[in-house]
Each structure stands twice: as structure tokens, then as C-alpha cells.
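# Structure at a glance
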Amino acid sequence: MWNQTIFDKYNLLYKIKSTSKSLASSLFHKLSDKNQLIIHNFITSEERLFYKKNEKFDSVFFELRTRCNSKCSFCAASIQNEIRPDITMKFDLFAKGIDYLSNENYDKRIAFHVNNDPLLVKNLHEYVAYARAKCPKAWIQILTNGKSLRNENGYNILKAGIDELSINIYEENRTEETPKNIINFEKDVLYKLYDKKNVLGGMPGVILKKKYPTYIKYTKARRLVDETLSNRAGSAPNKKSNKTKPNLGFCSHPFSQVNITTNGDVSQCCADFYFNNKMGNIKHNSLNEIWSGEKFTKLRENLNYSNRKENILCSNCDHFGINKLPNSFLKRQLYKLLFINDE
């Protein structure tokens, strides 16, 4: 259990920070649509320029099974909110997607989460091993809530060749102890396979393989199960009203990510929970054909012009639209201050 004094100080700082950000965000929402968009364009300008120079996706997400085992109130995939059929992607379909990436010498991120928990796939390590064999330079990430993490499957995915294991521990309050299954995994598996100095923490993300040849990126984040985040284009169960949705423009998601669900459909972004706006299907088209196709091209063109209104999902989405914090101190602080419920 956390030391109570430390917890009280942390909780006080959290409340002060949250209150100040709420006030700033409230003031932002009172601005005119025009001024909101001017501020948003200013903060997102670095990322917009970056993706003009880098026109290929840098993350491919495979939703191997349409299931999660958490009860997060903000997610339509949570146990109490899920209405999708329980489907697992066939291995040969997954292999087709990986084979395309292999032919392109793909060296960016491959992950196994969209709106699901990858550890619910019992033979996940077989998918990981195939991706590692075919794409040796790729960065392979597992992002999970950790509920299904056991010594055996943890060992299997590490040995299969992942680069990063990120765990979001969802709690009802901030005083809960780390789940025993995660403690056991760390003690019995992680720190037996890797020297502690080669287990790198910090924020999730890529590290230099040349600098850290024998490493694993391992991160744990404590999250609240009843958080209010972005509305995920209207699919977030606890934030459907959109009464205070700001006027936003550019979003980097369709410039950076490919999301593939169990039947091979590719969505416009991760916020397209039900894959309603399909960009294509890897059964019928290569990823390059889908990425360069008319639908994706038109979507990115509109977002480059700060136009979310032409797309039904974008027009209903309050996600701010950047993948990383701006380099500019002013832009970074404005983002942190104004956009408290982003994810």
C-alpha cells in the first residue's frame, strides 16, 4: 500500500493541476469557433509539417480479437459496453498483412491493440514470432491492461521477440497495490530474462536499437477506470453528449496509423470503433493501395485544410489530433493546459 503521506501530497497536487486545467479548458471553449481553430492550428503546426514530409504510415495495429476484459467506463470495448461479436483474426490473414510489410522492409511500429486486449489471444506469441521473423527491424509493441498477463504468456511473448511491453493498470482509486500477477511476472520472468539495467522504463515509445542491443522497453501506467477522455468520435460511453466539443482541425491519426480488424478491414483511424468508414480490406488490396487510395487521400487532404466537417467521424470527434507533444515550449504548455481530456 502507498505511504499515506505521499499519497495525500500526490492527490493534492493532482487536484490543483486538474482544477487549473479545467478552468483553462473552460475558457477555451468559450472562445469563438474561429479563435479555437486558430489556437489549434498553432499548436498542431509542427506535426502537420512533419507529416507533409513523411507521407507513409509509421504504425500498423492488428486487432487480433474483438474483446477486452476491463470495465473502463470510457471505452465501448469494456465488458459492460461490448456489443461486437467475438471474432479472432485468422493467422493466414495476419500473415498476409505482415508479408506486405516484409516486402516493404518495414521498420516502424507493429502493435496488436486497436479496441481490444491482445493477451486474450492465447497463441499471441505465434503472431509475434511471425512478425519478428518477417520484419526484423520493426518495433513490436504489446499494450495491455495486464489482467491476463501470466508468467507463461509473458515469457512466450518476450521470447517471441517483442521490443516493448506497456501495461495500463486500471484502478478505481490511486491507492491500490500493483496486481500480484504483474509482480510475479516481473520477479519470475522479466528480471530473469533481462538484466535490470536493460529493462528501460519511462514513457511508451521507440528507443535506439543500436544503443540498446539487449533491452526490453517495459512501462506501467496507473489509470482510473472511470476516466473521462476524448469522445473517440462519439463512441465513448461516458462522453456522448459533445455539448462542449471544441472546433478543431488537423488530426495526425490518418497520416500515421493503419488499423486492421479481424476480417481484414482497415479503418480511417483508431477512433472508428466499429470500422464503419472502411478504407479497404487487406484481403483484396495491398496496404500501399489502401493507404494511397481515394478515401484515405481525401480524408488527409481535408484534415490538412483543418476541415473535419466533411467526415462524419471527424466532425463528431474531440480528440486533439497530435501523436507527440510539440517541441516548442509555448505550444507544448498550451496543449497541456487547454486539452485536459485528450488521449
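Summary of the structure given here. It should be emphasised that the depicted structure is a prediction, and the values quoted were computed from it without experimental measurement. (Residues numbered from 1 in each chain as written. Predicted model: local features only at pLDDT ≥ 70, side-chain atom pairs only at ≥ 80, totals over all residues. Heavy atoms only, no water.)

This part takes up the pattern of salt bridges. This structure, assessed with the given rule, holds 15 salt bridges. As a salt-bridge pair, Glu82 and Arg67 come within 3.8 Å of each other at their nearest N and O atoms. With Glu82 in the loop between strand 1 (59–62) and helix 3 (91–103) and Arg67 in the loop between strand 1 and helix 3, the pair connects residues that are 15 residues apart, well separated along the chain. Where salt bridges share partners, they join Glu63, Arg67, Glu82 and Arg84 into one cluster. (Salt bridge = Lys/Arg side-chain N within 4 Å of Asp/Glu carboxyl O. Helix = DSSP H or I, 4+ residues; strand = E, 2+ residues; numbered from the N terminus.)

Ranked by internal contacts, the top residues of the largest apolar core, which has 55 residues, are Phe62, Leu101, Ile110 and Phe112. With 5 residues, the single largest contributor to this core is helix 3. In contact with Phe112, not counting residues within four places along its chain, are Phe62, Leu64, Phe94, Pro118, Leu124, Tyr127, Val128, Ile140, Gln141 and Ile142. Of all hydrophobic cores here, the second largest spans 10 residues; its members include Cys72, Ala76, Val225 and Leu229. (Core = buried A, V, L, I, M, F, W, Y, C linked by side-chain atoms within 4.5 Å. Buried < 20%, exposed > 50% of the residue type's maximum accessible area, 1.4 Å probe, protein only. Contact = heavy atoms within 4.5 Å.)

The subject of this paragraph is the packing of helix 2 (residues 33–53) against helix 11 (residues 329–338). Between helix 2 and helix 11, the least distance of the axes is 9 Å, while the angle of their chain directions is 125°. Between helix 2 and helix 11, the angle is such that the two are oblique. Crossing of helix 2 over helix 11 shows left-handed handedness. Residue-level contacts link Ile39, Phe42, Ile43, Ser45 and Glu46 of helix 2 to Leu330, Lys331, Leu334, Tyr335 and Leu338 of helix 11. (Axes fitted to C-alpha atoms, helices over the stretch in contact; angles between N-to-C directions. Parallel < 35°, antiparallel > 145°, perpendicular 65-115°, else oblique. Left-handed = near helix turned anticlockwise from the far one by under 90°.)

Glancing now at the packing of aromatic side chains. Applying the stated criterion to the full structure yields 18 aromatic pairs. Consider the rings of Phe50 and Tyr51, whose centres lie 4.9 Å apart with planes at 85°: the pair is edge-to-face. Look at Phe50 and you get partly exposed, because its relative accessible area is 37%. Taking relative accessible area as the criterion, Tyr51 reaches 6% and is therefore assigned buried. Where Phe273 meets Tyr274, the ring centres are 4.6 Å apart and the plane angle is 80°; that geometry is what we call edge-to-face. The buried category is assigned to Phe273, whose relative accessible area is 3%. Taken together through their ring pairs, the aromatic side chains of Phe62, Phe91, Phe94, Phe112, Tyr127 and Tyr130 make up a single cluster. Here the guanidinium or amino end of Lys196 rests over the ring plane of Tyr191, the centre of that ring lying 5.0 Å away. (Phe/Tyr/Trp six-rings, centres within 6.5 Å; stacked < 30°, edge-to-face > 60°. Lys NZ or Arg CZ within 6 Å of the ring centre and 35° of its normal.)

Before going further, it helps to spend a moment on the sheet that holds strand 2 (residues 109–111). Here 9 strands make up an open sheet; going across it, the order is 5-6-4-3-2-1-7-8-9 and the pairing mixed. Among the strands making up the open sheet, the edge pair consists of strand 5 (199–200) and strand 9 (278–281). Relative to strand 4 (residues 164–171), strand 3 (residues 139–144) is paired through 4 bridges, and the arrangement is parallel. Paired with Ile142 across the strands is Leu165, a residue of strand 4. In this fold helix 6 (residues 180–193) packs onto strand 4, strand 5 and strand 6 (216–224), with an angle of close to 175° to the strand it touches most, strand 6. (Pairing = 2+ DSSP bridges.)

Further remarks concern the pairing of strand 1. Alternating residues of strand 1 divide into Ser59 and Phe61 and Val60 and Phe62, and every residue in both groups is buried. Note that strand 1 and strand 2 share 3 bridges and pair parallel. Looking at strand 2, one finds that Ser59 is bridged to Arg109. With helix 3 bridging strand 1 and the parallel strand 2, this β-α-β connection has right-handed handedness. Direction of pairing for strand 1 relative to strand 7 (residues 257–260): parallel, over a ladder of 4 bridges. (Right-handed = clockwise from strand over helix to strand, strands pointing away.)

Let's shift gears to the environment of Tyr100. With respect to the helices and strands, the residue Tyr100 is situated in helix 3. Judged by its relative accessible area of 13%, Tyr100 falls in the buried class. The spatial distance from the C-alpha of Tyr100 to the C-alpha of Cys135 is 9.9 Å, given a sequence separation of 35 residues. Once you skip the residues sitting within four places of it in the chain, Tyr100 turns out to touch Lys56, Phe57, Ser286, Leu287 and Asn288.

Glancing now at the state of the cysteines. Where two cysteines share a covalent bond between their sulfur atoms, that bond is called a disulfide. Applying the stated criterion across every chain, the model contains 0 disulfides. Free cysteine Cys72: the closest other cysteine sulfur is in Cys68, separated by 6.4 Å. On the basis of relative accessible area, Cys72 is assigned to the buried category, the value being 4%. Looking at the unpaired Cys270, the closest cysteine sulfur is the one in Cys269, lying at 5.2 Å. (Disulfide = S-S within 2.5 Å.)

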